[in-house]
Amino acid sequence: TDLAHIRNFSIVAHIDHGKSTLADRLIQLCGGLTQREMKEQVLDSMDIERERGITIKAQTVRLSYQAADGETYQLNLIDTPGHVDFAYEVNRSLAACEGSLLVVDASQGVEAQTLANVYQAIEVNHEIVPVLNKIDLPAAEPERVKEQIEDVIGLDASDAVEISAKSGLGIDKVLEAIVRRLPPPRGDREAPLKAMLVDSWYDPYLGVVVLVRVVDGVMKKGQKIKMMQAGASYTVDQVGIFRPKKENVKELSAGEIGFFTASIKEVADTAVGDTVTDEKRPCEKPLPGFKPAQPVVFCGLFPIDSSQFEDLREAIGKLRLNDASFHYEMETSAALGFGFRCGFLGLLHLEIVRERIEREFNIELITTAPSVIYHVYLTNGDMVEMHNPADMPDPVKIDRIEEPWIRATILVPDEYLGAVLKLCEDRRGIQQDLTYAGARAMVVYRLPLNEVVFDFYDRLKSITRGYASFDYQIENYEANDLVKMSILVNEEPVDALATVVHRARAESRGRAMCEKLKDLIPRHLFKIPVQAAIGGRVIARETIAAMRKDVTAKCYGGDVSRKRKLLEKQKEGKKKMRQFGRVEIPQEAFIAALKMD
Ligand code: GDP
Ligand code: MG
């Protein structure tokens, strides 16, 4: 197709504002699916995504649209992951197109992820068409939301398209706006091949499938190609597009988006943002702005049933096949046995991986406290990256410890502002900005990531009844007075419960953890001290009193089947326990102990 008849676009939105529903409508009108094949939210292909209503991996669809001017256009829709954890993937997906539809729920208005996503689109110079969705709702206030888009984002919203993605109202106007208001791509078909690697995934039949945006030149079956950053060469097996069903095509040329396969073994060999070129006739320079995605949050994953360790290894290996941003290495813990130390792009990413292991592979897991990467500067001048508190070097050898700080943006209705400010202050936050957008306050805080990784988002949701929206980016590393706090149960340190905390907060944190553990660990036949300590100094202590009776004592001599039942129950419960020295610690304790409230 000639460039003038191509439009490449994304949809950016806050979660739940209707991105997937709009995409479905567009596919329904211009895609290659029959009515019967059209099930809801065809783009969200993974089950977990469907259930949680989020889109993790970018997908793309080619639509064919006959516009009011009588011409037929090729529209390529790239769906972007909507969450901050996948910011780099969002950036690359956006960089593959020229324009965006900014979808805002007309009954809710601009939210934190609306801002984060639209700023990313502005950064890559997109033409942006504001779309007000859900105007069928009685609570919709399109005029007010238009004003908000102008005030808060600074975009002209006078030509915003008002739609109901649910009923289908106004979808025709969206299609016309795409053709008329978004620019066609630029590129040179005759130049050497230059294509951006937008996404890749593992398909059991095809192997690794690579999504590309061709900038210049042509990609064809049989062509020898080269990934410029990775330095690897391949021969193209298939080139094709999704409508959203897969369809092979003869070629992908400048301006177009599609996929290729090339007997690539692992997704890890295909880095998002890499430049694909022709091996014999390469382009001069790779595309700008390449950076591999780096994990920022780490935690340990251990099987509850230690005999499932090999199953876990296999599950993790399979997930990694499809997700190069997920890192892992084997770890052993005195408390939890064999497991893996895993790195994630963020908390949502962690949750998704954990849930998939539990659900798709049927392995029950113990997840240890998430940790950030600390930069530990030693007195001998070396720096070590530490992502497990258990690896903290001897304090006498440490010069200073630096931790990552984020810049967080929170939008919240006025009545909850006080509670949000308190939460941020409690987590060592430093306020940067406070402005109003209608009846909503927008606060910007600098916060240590270590105070956020654990339960900040949950807390924020609960104190604002779900009305706050939150987004963040990592800013810098800063030195602080950080110490390793150990937890001792029955006088022995439990490595999986060790954390890094700010010294000034250690005592209250330690006390809270000991109190929690006292409730979480069942009574034993003996007294159990639970202590929090920094180095050799105990800063908090609780005692779990000894149990008086055997659980079966009360039916001594009585009903045998009842006695057996009780013992069965006890055995069931025991599976969920971890023997630690002479003490059994229930698996929930490892996470629950760290929750602050
Ligand atoms: P996404 O998270 O942005 O992909 O949002 P979804 O497309 O999954 O939509 C979130 C929820 O809003 C779903 O329950 C949709 O059915 C609903 N929804 C989407 N568009 C409309 C609309 O135009 N009107 C109404 N009333 N509900 C809508
Ligand atoms: Mg969605």
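Residues numbered from 1 in each chain as written. Chains lettered and ligands numbered in written order. Predicted model: local features only at pLDDT ≥ 70, side-chain atom pairs only at ≥ 80, totals over all residues. Heavy atoms only, no water.

As annotated in an unreviewed UniProt entry, the protein chain carries the name Elongation factor 4 and is attributed to Tepidicaulis marinus. Turning to the protein chain, the UniProt annotation filed under Catalytic activity (unreviewed entry) states: "GTP + H2O = GDP + phosphate + H(+)". (UniProt positions renumbered as here; feature names shortened; annotations may be inferred.)

1. Quick word on the overall build of the protein chain
Along the backbone of the protein chain there are 13 helices and 33 strands. The burial tally for the protein chain puts 55% of its 597 residues in the buried class. Within the protein chain, contacts between residues at least 6 apart in sequence are counted, and of these 68% link residues at least 24 apart. Looking at the protein chain as shown, the accessible area adds up to about 26900 Å², and 48% of this sits on carbon and sulfur atoms. (Helix = DSSP H or I, 4+ residues; strand = E, 2+ residues; numbered from the N terminus. Buried < 20%, exposed > 50% of the residue type's maximum accessible area, 1.4 Å probe, protein only. Contact = heavy atoms within 4.5 Å. Areas by Shrake-Rupley, 256 points an atom, 1.4 Å probe, with all protein chains shown as cover.)

2. Examining the sheet that holds strand 11 (residues 233-235)
Pairing is antiparallel across the open sheet formed by eight strands, whose spatial order is 11-10-16-7-8-15-12-13. Strands at the two margins of the open sheet, each flanked by one partner only, are strand 11 and strand 13 (246-248). With strand direction ignored, the average angle separating the axes of adjacent strands in the sheet is 40°. Where strand 12 (residues 238-242) meets strand 13, three bridges bridge the pair, whose relative direction is antiparallel. (Pairing = 2+ DSSP bridges. Axes fitted to C-alpha atoms, helices over the stretch in contact; angles between N-to-C directions.)

3. What to know about the packing of helix 7 (residues 309-322) against helix 8 (residues 347-360)
Direction vectors running N to C along helix 7 and helix 8 enclose 130°, while the axes themselves pass 10 Å from each other. One way to sum up the angle between helix 7 and helix 8 is to call them oblique. Helix 8 is crossed by helix 7, and the crossing has right-handed handedness. Contact residues: helix 7 offers Leu312, Ile316 and Leu319, while helix 8 offers Val353, Arg356 and Ile357. Class assignment of the residues belonging to the contact of helix 7 with helix 8 gives a composition of five nonpolar, no polar and one charged. (Parallel < 35°, antiparallel > 145°, perpendicular 65-115°, else oblique. Left-handed = near helix turned anticlockwise from the far one by under 90°. Nonpolar A, V, L, I, M, F, W, Y, C, P; charged D, E, K, R; others polar.)

4. A few points about unusual backbone geometry
Cis geometry is found at the peptide bond from arginine 243 to proline 244, where omega equals 0°. Along the chain, proline 244 turns up in the loop between strand 12 and strand 13. Even without glycine at this site, asparagine 125 takes up a positive phi of about 60°. Assignment of secondary structure puts asparagine 125 in the loop between helix 4 (112-123) and strand 5 (127-133). In this structure asparagine 125 comes out as exposed when scored by relative accessible area, which is 67%.

5. What about the site of ligand 1?
With respect to spatial proximity, 17 residues lie near ligand 1, and among them Asp16, Lys19, Ser20, Thr21 and Asp136 are the closest. Within the backbone of aspartate 16, a nitrogen or oxygen atom sits 2.7 Å from an oxygen atom of ligand 1. Measuring from an oxygen atom of ligand 1, one finds a backbone N or O atom of histidine 17 at 3.4 Å. In isolation ligand 1 offers 570 Å² of accessible surface; the protein chains occlude 80% of this area. No other element matches the three residues that helix 1 (residues 19-30) contributes to the shell around ligand 1. For the shell around ligand 1, the class distribution of residues is three nonpolar, nine polar and five charged. (Near = heavy atom within 4 Å. Polar contact = N/O pair within 3.5 Å; in protein donor to acceptor, adjacent residues only side chain to side chain.)

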